[in-house]
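Each chain is listed here by its residues.
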Amino acid sequence: MHGADPTLCLTMLDAMIATAGSAADAGPLVARLDSMLASGPYVFGSDWGNLVLARLHEARGDREAALRVLDRRPYDWDTGPLYLSTYLGEAGRLATLTPISRGSL
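What this report covers is the structure whose coordinates are included nearby. (Residues numbered from 1 in each chain as written. Predicted model: local features only at pLDDT ≥ 70, side-chain atom pairs only at ≥ 80, totals over all residues. Heavy atoms only, no water.)

A count of helical and extended segments in the protein gives five helices and two strands. The buried share among the 105 residues of the protein stands at 35%. Sequence-distant contacts in the protein: of pairs separated by 6 or more residues, those separated by 24 or more amount to 57%. About 6,400 Å² of surface is accessible on the protein, with carbon and sulfur atoms providing 60% of the total. (Helix = DSSP H or I, 4+ residues; strand = E, 2+ residues; numbered from the N terminus. Buried < 20%, exposed > 50% of the residue type's maximum accessible area, 1.4 Å probe, protein only. Contact = heavy atoms within 4.5 Å. Areas by Shrake-Rupley, 256 points an atom, 1.4 Å probe, with all protein chains shown as cover.)

Across its 15 residues, helix α1 (residues 6-20) extends 21 Å between first and last C-alpha, which sits within 8% of the 21 Å expected from 1.5 Å per residue. When we look at burial in α1, the residues that qualify are L8, T11, M12, A15, A18 and T19. Projected onto a plane normal to the axis of α1, the buried residues spread over an arc of 135° and lie on a single side. Exposed residues lying more than 90 degrees from the buried face of α1 are P6, L10, I17 and A20. (Expected span 1.5 Å × (residues − 1). Arc of directions from axis to C-beta.)

Once that is clear, we can look at the nonpolar core. By size, the foremost hydrophobic cluster in this structure holds 21 residues, and its most contacted members are L8, A15, L33, L53, L56 and L70. Of all the secondary structure elements, the ones that give two or more residues to this core are α1, α2 (26-39), α3 (46-59), α4 (63-70) and α5 (84-97). (Core = buried A, V, L, I, M, F, W, Y, C linked by side-chain atoms within 4.5 Å.)

Its 14 residues place the ends of α2 20 Å apart at the C-alpha level, agreeing with the 20 Å of an ideal helix rising 1.5 Å per residue. The inward-facing, buried residues of α2 contact α1, α3 and α4. Phi turns positive one or two residues past the end of α2, at G40, with a value near 65°.

Time to look at the side chain of D47. Within the fold, D47 resides in helix α3. Polar contacts involving the side chain of D47 include one to the side chain of W48, which spans 3.4 Å. The residues touching D47, leaving out its near neighbours within four places in the chain, are Y42, P74, L82, Y83 and Y87. (Polar contact = N/O pair within 3.5 Å; in protein donor to acceptor, adjacent residues only side chain to side chain.)

Next up on the list: the packing of α4 against α5. For the pair α4 and α5, the least separation of the axes is 10 Å and the interaxial angle reads 155°. Here α5 runs roughly antiparallel to α4, going by the angle between their axes. At the point where α4 passes α5, the crossing takes the left-handed sense. Contact residues: R63, A66, L67 and L70 in α4; Y87, E90, A91, L94, A95 and L97 in α5. (Axes fitted to C-alpha atoms, helices over the stretch in contact; angles between N-to-C directions. Parallel < 35°, antiparallel > 145°, perpendicular 65-115°, else oblique. Left-handed = near helix turned anticlockwise from the far one by under 90°.)

Here it is as structure tokens:
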């Protein structure tokens, strides 16, 4: 499916508003957005949506989840890796702020 997905857009907006306002439902909304973006398929917003999601995870104090989300870099058949410099820059910035857990060594 190509084109806009109103459910994705509305979920993203709800998660952004809830996170900014520290609302009680921010966690479940961010988790729902994460699930939607992880499952695909490509729809308008999923290419930059993981950047938004990573920032939401970081704002909620979960840098490891933010780094995990940044590994979902989109690739377009005619333009190549979309937003690659932004994805890599954000991942580098977060990696320097995130201590390495012993379980990942």
